[in-house]
Amino acid sequence: MKTRHLIPTLLVLGAALMAATMASATVFVDPTAPGSQDGSSWVNAFHTLQPAINASAAGGGDVWVAGGPAGSPIVYGENRAESWGNPASVTGSLVMKDNVAMYGGFEGYRSGAGKQETALNQRALALNVAVISGATSRGGSAAYHVVVFGRNGMPTFGATLDGFTITGGNAAGVSGDYHTWRGGGIYNWGAPPNIQTC
């Protein structure tokens with residue numbers, strides 16, 4: 001009798017654990033969110049991109065990014081201080097990490113009026129425009145690369161970038177450093193990224 005009751009209980013607990021695991025695999029970004037900025041929901045979304053990527057990189061997963069209407073997109077142009085590259089270690093770039101998939105096209109929280117989507121297929125790229133800008137992300141100057149894949153000669157594996165406008169980079173170069181003269185939008189250091197609708 002006890003065994004018969006134990007099996008359904010274990011199934012319910014297992015389903016709850018799986019749901020919690022799936023929920024924790026998605027990190028949210030929306031600068032209009034009023035909450036704790038830990039990325040755990042649209043209400044508690046991060047306001048900038050790199051902390052969300054870094055949080056997701058701990059176990060791999062998705063980063064869902066809110067956009068704005070076509071006439072007033074959300075521009076993610078925050079200062080980016082993570083050093084990247086070799087021999088010159090430069091800042092200003094959004095650094096993608098292993099097994100992180102970052103998706104734009106969500107309405108998100110939108111100051112409380114948004115859809116706060118719960119499924120990837122609810123995205124509407126044309127209606128919710130997210131821009132990754134490097135125009136001032138290097139301490140007020142343009143980034144050499146707006147987005148980078150790979151690090152110190154090693155590729156980034158399992159990374160996806162999907163649904164963004166990328167703008168504002170300037171590969172003006174550091175003397176003697178190959179990579180800073182190339183890839184003003186995206187610089188790919190030997191990585192096999194999945195890049196779509198960018």
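Values in this document were obtained by computation on a predicted structure and should not be read as measured data.

(A) Structural context of the side chain of Asp162. In this fold, Asp162 is placed in strand E8 (residues 160-162). Reaching out from Asp162, the side chain makes a polar contact with the side chain of Arg123 at a distance of 3.4 Å. In this structure, Asp162 is in contact with Met102, Tyr103, Gly104, Arg123, Gln196, Thr197 and Cys198, ignoring residues within four places of it in sequence.

(B) A look at the pattern of salt bridges. Under the criterion given, the structure shown has four salt bridges. Between Glu82 and Lys97 there is a salt bridge, with its nearest N and O atoms 3.2 Å apart. With a gap of 15 residues between them, Glu82 in the loop between strand E3 (74-76) and strand E4 (94-95) and Lys97 in the loop between E4 and strand E5 (100-106) connect regions that are remote in the sequence. Taking the shortest distance from any N to any O, the salt bridge between Arg110 and Glu107 comes out at 3.9 Å.

(C) How the structure looks around the nonpolar core. Val65, Met102 and Ile132 are the most contacted members of the largest nonpolar core, which has 33 residues in total. At the level of secondary structure, the elements contributing two or more residues to this core comprise strand E1 (26-29), helix H2 (49-57), strand E2 (61-66), E3, E5, strand E6 (130-133) and strand E7 (147-149). A per-element tally of this core places E5 first, with five residues. Apart from the residues within four sequence positions on either side, Val65 is in contact with Val29, Trp42, Leu49, Tyr76, Met102, Tyr103, Gly104, Gly105, Phe106, Ala130 and Phe164. Counting residues in each nonpolar core, the second largest holds five residues, with Trp84, Val95, Val148 and Trp189 among its members.

(D) Representation of the sheet that holds strand E11 (residues 194-196) in the model. Read across the open sheet, the five strands follow the order E1-E2-E5-E8-E11; overall the sheet is parallel. Strands at the two margins of the open sheet, each flanked by one partner only, are E1 and E11. Direction aside, neighbouring strands of the sheet carry axes that sit 15° apart on average. In this fold H2 packs onto E1, E2 and E5, with an angle of close to 160° to the strand it touches most, E2.

About the cut-offs
Residues numbered from 1 in each chain as written. Predicted model: local features only at pLDDT ≥ 70, side-chain atom pairs only at ≥ 80, totals over all residues. Heavy atoms only, no water. Helix = DSSP H or I, 4+ residues; strand = E, 2+ residues; numbered from the N terminus. Polar contact = N/O pair within 3.5 Å; in protein donor to acceptor, adjacent residues only side chain to side chain. Contact = heavy atoms within 4.5 Å. Salt bridge = Lys/Arg side-chain N within 4 Å of Asp/Glu carboxyl O. Core = buried A, V, L, I, M, F, W, Y, C linked by side-chain atoms within 4.5 Å. Buried < 20%, exposed > 50% of the residue type's maximum accessible area, 1.4 Å probe, protein only. Pairing = 2+ DSSP bridges. Axes fitted to C-alpha atoms, helices over the stretch in contact; angles between N-to-C directions.

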